[in-house]
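Chain by chain, the residues run as shown.
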Amino acid sequence: MSETAYPPVSQHLSDVEAAREEGRRKMDWALQHMPILNALREEFVDEQPLAGETIAMAMHVEAKTANLVELLAEGGAEVAITGCNPLSTHDDVSAALDAHESITSYAVRGVDDDEYYDAMHACVAHGPTITVDDGMDMVKLVHEEYPDLIDSIVGGAEETTTGVDRLRAMDADGELHYPVFAVNDTPMKQLFDNVHGTGESSLATIAMTTNLSWAGKNVVVGGYGQCGKGVAKKASGQNANVIVCEVDPRKALEAHMEGYEVLPMAEAAAKGDVFVTTTGNRDVITREHFEAMNDGVLLANAGHFDVEVNLDHLDDLAVDRYEVRDGVEGFEMEDGRVLNVIAEGRLVNLAAPIALGHPVEVMDQSFGVQAVVVRELAENGEAYEAGVHDVPDELDREVADIKLAAEGVEYDDLSDEQREYMGSWEHGT
């Protein structure tokens, strides 16, 4: 593997052996509950579908992700990985990965912006043939600063909504020059990861970070996409009163028909006790909203980047700011109100000090899709032109089949007559 100016995580830690041992313990626990990755691991070890590939990854480096990374390495690939968020890396897990002979991990928790990109440059210096992203920063870096690598990259995979949105914009501008699979958009990702994963992990992280109950609170959810639906559903299930803020009339109507109160953020700001943004867009909560909020509110973001809650506006309004508890910063207003920001406005279920990300079983499904997509790129990458591609449906179904088999669940199949009927236009009344 290449030597780079930015050192791997093992050179950042004072007791690397202890870190590796603890990281491995976390990985082993998660893997017990990841039947999809276990099944794919057997296949990948036996068939070596990734032999000869070099994979550069920018992901949330914690135990569940680490099992995907190790699966890819065990399938024959050389892997270089770094974080996709400065606060989501678990250093011990990163160290455990770095101990693998085919993996170099540059992910370190708490890096500044320069170090964040230095680590990403270090990954790209390995000369990837496949990229795996969560947020699209790696793809952007390759295109802007390493265009000479593009011809040797067979393709990439993107994990999250924000990254897919950025990729589609890049593709529309004619600037995406290799194929990337929109893993985020598959049914196995949308129906489970975004709804159950984001909903459960965001609310659990906020509750554990603050030691506060959801019961009876007014929870304002910014955005009613799949992630917003999950937050709203799970908050309602814990006896909170849910208010949804939307910009799309159809999604606003859907939230209304689901029984939630729907308000503009300017009105919701005066009613909310907890605010959770899930839009992937900037400036969802700004100065005018902070000015209307009640003392003691909690502000959290479940979108990928830290731009949804405008902390510059909040800092301008504050006369003081201080840590009120681990992972929570209080912003004191001139009139004495204190507005509390969790995890610096970053992705709350991964960036808070005690955050563990989505439940293991959920990420087993999402990372199963990632694994089969990387296998598809290694085996058939030349069949895909540059641009954003939907994951082939048979790959998504393959992952679902593995999960159902592990759970001992059987399901029906169509008969030949049913298949013919569904595929014909000639049958009428």
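Residues numbered from 1 in each chain as written. Predicted model: local features only at pLDDT ≥ 70, side-chain atom pairs only at ≥ 80, totals over all residues. Heavy atoms only, no water.

Caption draft 1: Structural view of the pattern of salt bridges. In this structure the tally under the stated criterion is 27 salt bridges. A salt bridge links Glu-329 to Arg-321; the nearest nitrogen and oxygen atoms lie 2.8 Å apart. (Salt bridge = Lys/Arg side-chain N within 4 Å of Asp/Glu carboxyl O.)

Caption draft 2: Focus on the environment of Ala-182. By the element assignment, Ala-182 lies in strand β6 (residues 179–182). Considered as a pair, Ala-182 and Gln-370 are 188 residues apart in the sequence and their alpha carbons are 9.7 Å apart. In contact with Ala-182, not counting residues within four places along its chain, are Glu-158, Val-164, Arg-168, Val-388, His-389 and Val-391. (Helix = DSSP H or I, 4+ residues; strand = E, 2+ residues; numbered from the N terminus. Contact = heavy atoms within 4.5 Å.)

Caption draft 3: Structural context of unusual backbone geometry. Although it is not a glycine, Asp-283 adopts a positive phi angle of roughly 55 degrees. Looking at the secondary structure, you find Asp-283 in the loop between β10 (274–277) and α12 (287–292). The class for Asp-283 is partly exposed, based on a relative accessible area of 31%. Of note in this structure, Glu-344 is not a glycine but carries a positive phi near 60 degrees. Tracing the sequence through the fold places Glu-344 in the loop between β14 (338–342) and α14 (348–351). (Buried < 20%, exposed > 50% of the residue type's maximum accessible area, 1.4 Å probe, protein only.)

Caption draft 4: Just the UniProt feature "domain: S-adenosyl-L-homocysteine hydrolase NAD binding" (unreviewed entry) in the protein, in detail. UniProt feature "domain: S-adenosyl-L-homocysteine hydrolase NAD binding" (unreviewed entry): in the numbering of this structure it lies at residues 194–355. Taken end to end, residues 194–355 has its terminal C-alpha atoms 17 Å apart, with 36% of it in helix and 24% in strand. (UniProt positions renumbered as here; feature names shortened; annotations may be inferred.)

Caption draft 5: Broad picture of empty space enclosed by the protein. The tally for this structure, following the rule as stated, stands at two cavities of 30 Å³ or more. Estimated volume of the largest cavity: approximately 60 Å³. Among the elements of the structure, β2 (78–83) and α5 (113–124) are those that each provide at least two residues to the lining of the largest cavity. Examining the composition of the lining of the largest cavity, we find that three residues originate from one element, α5, more than from any other. Roughly 30 Å³ of internal volume is contained in the second largest cavity. (1 Å grid on protein atoms, 1.4 Å probe; cavity = no way out; pocket = protein on both sides within 12 Å on 5 of 7 lines; lining within 4 Å. Points joined across faces, edges and corners; volume = space filled by probe spheres on them.)

Caption draft 6: Expanded view of the layout of surface pockets. By volume, the largest pocket amounts to about 950 Å³. In terms of lining, the largest pocket is formed by 46 residues, of which the most central are Thr-161, Cys-227, Thr-278, Thr-279 and Gly-280. Of all the elements in the fold, those that place two or more residues in the lining of the largest pocket are α3 (63–74), α7 (161–172), α8 (187–210), α9 (226–237), α14 and α15 (360–380). Among the elements that take part in the lining of the largest pocket, α8 stands out by supplying five residues, more than any other. Its residues assigned to classes, the lining of the largest pocket comprises 12 nonpolar, 22 polar and 12 charged. (Nonpolar A, V, L, I, M, F, W, Y, C, P; charged D, E, K, R; others polar.)

Caption draft 7: Structural view of the pairing of β6. Of the two faces of β6, the one carrying Pro-179 and Phe-181 and the one carrying Val-180 and Ala-182 are both buried. Two strands pair when backbone bridges link them, and strand β5 (residues 155–158) and β6 are joined in this way by three bridges, in the parallel orientation. In the strand pairing of β6, Gly-156 is matched with Val-180. Crossover β5 to β6 through α7 is right-handed. With three bridges connecting them, β6 and strand β15 (residues 387–389) associate as parallel partners. Looking at the pairing, Val-180 lines up with Val-388 of β15. (Pairing = 2+ DSSP bridges. Right-handed = clockwise from strand over helix to strand, strands pointing away.)

Caption draft 8: Focus on the nonpolar core. In this structure, Ile-55, Met-57, Leu-68, Leu-72 and Val-79 are the most contacted members of the largest nonpolar core, which totals 49 residues. Considering every element that reaches this core, the biggest residue donor is α15, with 10 residues. Once residues lying within four places of it in the same chain are set aside, the contact partners of Met-57 are Leu-68, Val-69, Leu-72, Val-79, Ala-80, Ile-81, Thr-82, Cys-123, Val-132 and Met-138. Residues Cys-123, Leu-167, Met-170 and Ala-182 belong to the second largest nonpolar core, which totals 31 residues. (Core = buried A, V, L, I, M, F, W, Y, C linked by side-chain atoms within 4.5 Å.)

Caption draft 9: Quick look at the pairing of β5. Side chains Gly-155 and Ala-157 project from β5 onto one buried face, and the interleaved Gly-156 and Glu-158 project onto a second face that is buried too. Where strand β4 (residues 130–133) and β5 come together, four bridges link them in parallel fashion. Note that in β5 the partner of Thr-131 across the bridge is Gly-156. One crossover worth recording links β4 to the parallel β5 by way of helix α6 (residues 137–145), and it is right-handed.

Caption draft 10: Geometry of the sheet that holds β15. Spatially, seven strands are ordered β3-β2-β1-β4-β5-β6-β15 in an open sheet, and the strand pairing comes out parallel. Two strands lie at the open edges of the sheet, namely β3 (103–105) and β15, each paired on one side alone. Here the average twist between neighbouring strands, direction ignored, is 20 degrees. Relative to β3, β2 runs parallel, the two sharing three bridges. (Axes fitted to C-alpha atoms, helices over the stretch in contact; angles between N-to-C directions.)

Caption draft 11: Just the sheet that holds strand β12 (residues 318–325), in detail. Taken together, the eight strands give an open sheet; going across it, the order is β9-β8-β7-β10-β11-β14-β13-β12, and neighbouring strands pair in mixed fashion. Of all the strands in the sheet, just β9 (261–262) and β12 have a single pairing partner and so form its edges. Across two bridges, strand β8 (residues 241–245) lies against β9 in parallel orientation. If you follow Val-244 over to β9, its bridge partner there is Val-262. Contacting β7 (218–222), β8 and β10, α9 runs over the sheet at an angle of about 170 degrees to β7.

Caption draft 12: Main features of the packing of aromatic side chains. For the structure on display, the rule yields three aromatic pairs. Their ring planes at 75 degrees and their centres at 4.9 Å tell us that Phe-181 and Tyr-384 sit as a pair that is edge-to-face. With Phe-181 in strand β6 and Tyr-384 in the loop between α15 and β15, this pair connects stretches of sequence that are 203 residues apart. Measuring from centroid to centroid gives 6.0 Å for Tyr-224 and Tyr-260, while their planes differ by 70 degrees, and the two rings are edge-to-face. In this pair, Tyr-224 sits in the loop between β7 and α9 while Tyr-260 sits in the loop between α10 (249–257) and β9, placing the two residues 36 residues apart along the sequence. (Phe/Tyr/Trp six-rings, centres within 6.5 Å; stacked < 30°, edge-to-face > 60°.)

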